[in-house]
Amino acid sequence: QVQLVESGGGLVQPGGSLRLSCAASRSIFSISRMGWYRQAPGKQRELVASFTSGSTINYSDSVKDRFTISRSNAKNTVYLQMNSLKPEDTAVYYCNYYDVRIGQYWGQGTQVTVSS
């Protein structure tokens, strides 16, 4: 099992910023894919940003140029810096870890609320 612990969510005003963290219980250096998804009430879970072991980065069109995904291999942690937040960014954000050899794992989620 892989444990994923998210942190950094909270309430922020439109235009503000938050930085999410996801700490994994095992190495992410050679992971197949890792990143962030989000789910708003009544909607399906969607990809926000992710990276592969080959360092290919993917962003949802709705967050590109506003969000940045990064990682610390030493800390086994992936980050999501969120700038210029909009009310439509409000959702529960989930950390996702996928290794082709051991499978897919999800964090518990962290709430992000963007409201004035």
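Residues numbered from 1 in each chain as written. Predicted model: local features only at pLDDT ≥ 70, side-chain atom pairs only at ≥ 80, totals over all residues. Heavy atoms only, no water.

A. The overall build of the chain, seen in detail. Each helix and strand counted, the chain has zero helices and eleven strands in total. Going from N to C terminus, the chain has its helices and strands arranged as β-β-β-β-β-β-β-β-β-β-β. Relative to the 2.2 N^0.38 estimate, which gives 13 Å for 116 residues, the radius of gyration of the chain is 13 Å and therefore close to what a compact globule would have. Taken along its principal axes, the extent of the C-alpha atoms in the chain is 45 × 25 × 25 Å. Counting the 116 residues in the chain, one finds 43% classified as buried. For the chain, contacts bridging at least 24 residues in sequence account for 52% of all contacts bridging at least 6. For the chain, the exposed surface amounts to about 6,200 Å²; the carbon and sulfur share of it is 45%. Taken as two groups, the 12 positive and 7 negative side-chain charges of the chain have centres that lie 6 Å from each other. (Helix = DSSP H or I, 4+ residues; strand = E, 2+ residues; numbered from the N terminus. Rg over C-alpha atoms; globule rule 2.2 N^0.38 Å. Buried < 20%, exposed > 50% of the residue type's maximum accessible area, 1.4 Å probe, protein only. Contact = heavy atoms within 4.5 Å. Areas by Shrake-Rupley, 256 points an atom, 1.4 Å probe, with all protein chains shown as cover. Lys, Arg positive; Asp, Glu negative; His and termini not counted. Charge placed at Lys NZ, Arg CZ, Asp CG, Glu CD.)

B. Representation of the sheet that holds strand β8 (residues 77–82) within the structure. Strands sit in the order β1-β3-β8-β7 across an open sheet of four strands; the sheet is antiparallel. For this open sheet the edge positions go to β1 (4–7) and β7 (67–72), each flanked by a neighbour on one side alone. Neighbouring strand axes in the sheet, compared pairwise and without regard to direction, differ in orientation by 15 degrees on average. Note that strand β3 (residues 18–24) and β8 share six bridges and pair antiparallel. Counted as the bridge partner of C22 is V78 from β8. (Pairing = 2+ DSSP bridges. Axes fitted to C-alpha atoms, helices over the stretch in contact; angles between N-to-C directions.)

C. Expanded view of the packing of aromatic side chains. Under the counting rule described, the total for this entry stands at two aromatic pairs. When the centroid spacing of 5.1 Å and the interplanar angle of 70 degrees are considered together, the rings of Y37 and W106 count as edge-to-face. Of this pair, Y37 sits in strand β4 (residues 33–39) while W106 sits in strand β10 (residues 103–106), and the two are 69 residues apart along the sequence. With a centroid separation of 6.4 Å and 70 degrees between ring planes, the pair formed by Y97 and Y105 is classed as edge-to-face. The burial state of Y97 is the same as that of Y105; both residues are buried. One residue, R19, lies across the ring of Y79, its end atom 4.2 Å from the ring centre. (Phe/Tyr/Trp six-rings, centres within 6.5 Å; stacked < 30°, edge-to-face > 60°. Lys NZ or Arg CZ within 6 Å of the ring centre and 35° of its normal.)

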